[in-house]
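Read off the chains here:
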Amino acid sequence: EAGMRAYLAWGITDGTDGGAKGLAETEELLARWEDGAEGRIKILLGPHAPYTCSRKLLERVRDFALAQGVPVHIHLSETRQEVLDSQRERGVTPVQWLREVGLLHPEIQLIAAHCVHLTPEDIQLCKEHAVGVVHCLGSNLKLASGVAPVPELLEAGVKVSLGTDGAASNNNLDVLREMRLVALVHDGIQGKPGLVPASKVLAMATGMGALVLGRPDLGRLKVGARADIVLLNNTGAHWYPKGDLVSALIYSGNSADVDTVIIDGRFVVSKGKVLTIDEEEVKQEVEKRAWRLRAKTKD
C-alpha cells in the first residue's frame, strides 16, 4: 500500500523444531508475496546466523535456495566472540563454515549482513563466491561489535551495500545518516582521509546496493532501469556554499532534505509528504503496538 520496494525474509532459527516453522513460513511468503505489489516485493530465505542454525538446517536452506532460486540473507561474523566460538567448535570461521555447508555456491545469491570480523581468507572467499555484504555501521557501533573492513572488502572487489540493521540496535532507519558515518569512521580509524570517498559511499547506497540484491535494473539513472528516484532539496543553509554536490550530500545532507520519492515511476512522497498512506494513522498504530509489546514484556 505504501508503494515501497521490499525484500522480505522470515527469520529462521533451529528453535524447538529444527527450523521447520521458519521454512514453512518462507514457503507461504513465496506463494503469497513473491513479485507482489506489481513486482515490488521479493522474498528471501532468512537463516538468522551460523550460531543459531545447525548444520542440518543450513543444508536445508541450501537445498531450498537451489530448488526455488531464492536468495539467502544471513547475519555473518558480526561479533568477535561469534568468530572465536566458531573457530573453537568447528575449527573454521563463520564464512569458512558457510563454504563447508554449501551456502557459498555459484547458484546461490548470498547476502551477508555485518561481516565485521573477517580474516583475509574470508574476504577472498566473499570475492570468489560473489557474496554481497551489507555494512551496518551504526548498529555495529552502538552494540560495540566493531567496524567491518570495508576498505579492504572494496579493494578486493567485494560488493558492499549499506544497511541500518533493526531499529532496536540502531534507533533509526536513516540511510543518509549511515552514509555520513561510513565516510567518516573508516578514515578516522585508519588515519587516511578519503579512504572511503563520498562518491564510493553514494555508490554503496545506490548502484552497488542494487547489485547486492542482484538487481542491475535498480540503483542508477539510465535508460531501461526501473524509475526509482529520490530528489533532495538542497536550498537549506547547511548546503551552502555550493561545491561538489556528492560531497555535500554525504557530509551535509540529511533525511529531512528528502523532497520527492518516486518508486517504479509512481510518486510516493512529494514535498516531504507521503502520498500513499496516512502518516498520522501509522504513527498512532505504532504507539499502540509498542505499548502492547511493553505490557507483554512486563508480564
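Here the structure is a predicted model, which means the values were calculated and not measured.

Chemist: Just checking my understanding: could you explain a nonpolar patch on the surface for this structure?
Modeler: Nonpolar side chains collect at one region of the surface, where Ile277, Val282 and Val286 lie side by side and expose about 220 Å² of accessible area between them. Along the chain, the position of Val286 falls in helix α13 (residues 279-298).

Chemist: I would appreciate a short explanation of the layout of surface pockets in the present structure.
Modeler: One water molecule sets the probe size; rolling that probe over the atoms shows where empty space is left. In this structure, the second largest pocket encloses a volume near 210 Å³. Each residue belonging to the lining of the second largest pocket can be placed in one class, and the counts come to 7 nonpolar, 1 polar and 3 charged.

Chemist: Got a minute to help me understand the sheet that holds strand β7 (residues 229-232) in this structure?
Modeler: The strands making up a sheet associate through backbone hydrogen bonding, with each pair oriented either parallel or antiparallel. Strand order across the open sheet formed by 4 strands is β7-β8-β9-β10, with antiparallel pairing between neighbours. If you trace the sheet from one side to the other, it starts and ends with β7 and β10 (273-274), each paired once. Sheet topology places β7 next to strand β8 (residues 258-263); 4 bridges connect them, and they run antiparallel. The residue bridging Leu232 from the neighbouring strand is Val258, located in β8.

Chemist: In this structure, what is going on with the pattern of salt bridges? I would like to understand it.
Modeler: Opposite charge on two side chains permits pairing when their charged atoms draw close. In this structure the tally under the stated criterion is 15 salt bridges. A salt bridge links Lys42 to Glu34; the shortest N-O distance between them is 3.0 Å. Relative accessible area serves as the criterion here: at 29%, Glu34 is assigned to the partly exposed category. With its nearest N and O atoms 3.4 Å apart, the salt bridge here joins Glu38 to Arg40.

Each value, and the rule that gives it
Residues numbered from 1 in each chain as written. Predicted model: local features only at pLDDT ≥ 70, side-chain atom pairs only at ≥ 80, totals over all residues. Heavy atoms only, no water. Patch = residues over 30% accessible without salt bridge, like charges linked within 9 Å, V, L, I, M, F, W, Y side chains within 5 Å. Areas by Shrake-Rupley, 256 points an atom, 1.4 Å probe, with all protein chains shown as cover. Salt bridge = Lys/Arg side-chain N within 4 Å of Asp/Glu carboxyl O. Helix = DSSP H or I, 4+ residues; strand = E, 2+ residues; numbered from the N terminus. 1 Å grid on protein atoms, 1.4 Å probe; cavity = no way out; pocket = protein on both sides within 12 Å on 5 of 7 lines; lining within 4 Å. Points joined across faces, edges and corners; volume = space filled by probe spheres on them. Nonpolar A, V, L, I, M, F, W, Y, C, P; charged D, E, K, R; others polar. Pairing = 2+ DSSP bridges. Buried < 20%, exposed > 50% of the residue type's maximum accessible area, 1.4 Å probe, protein only.

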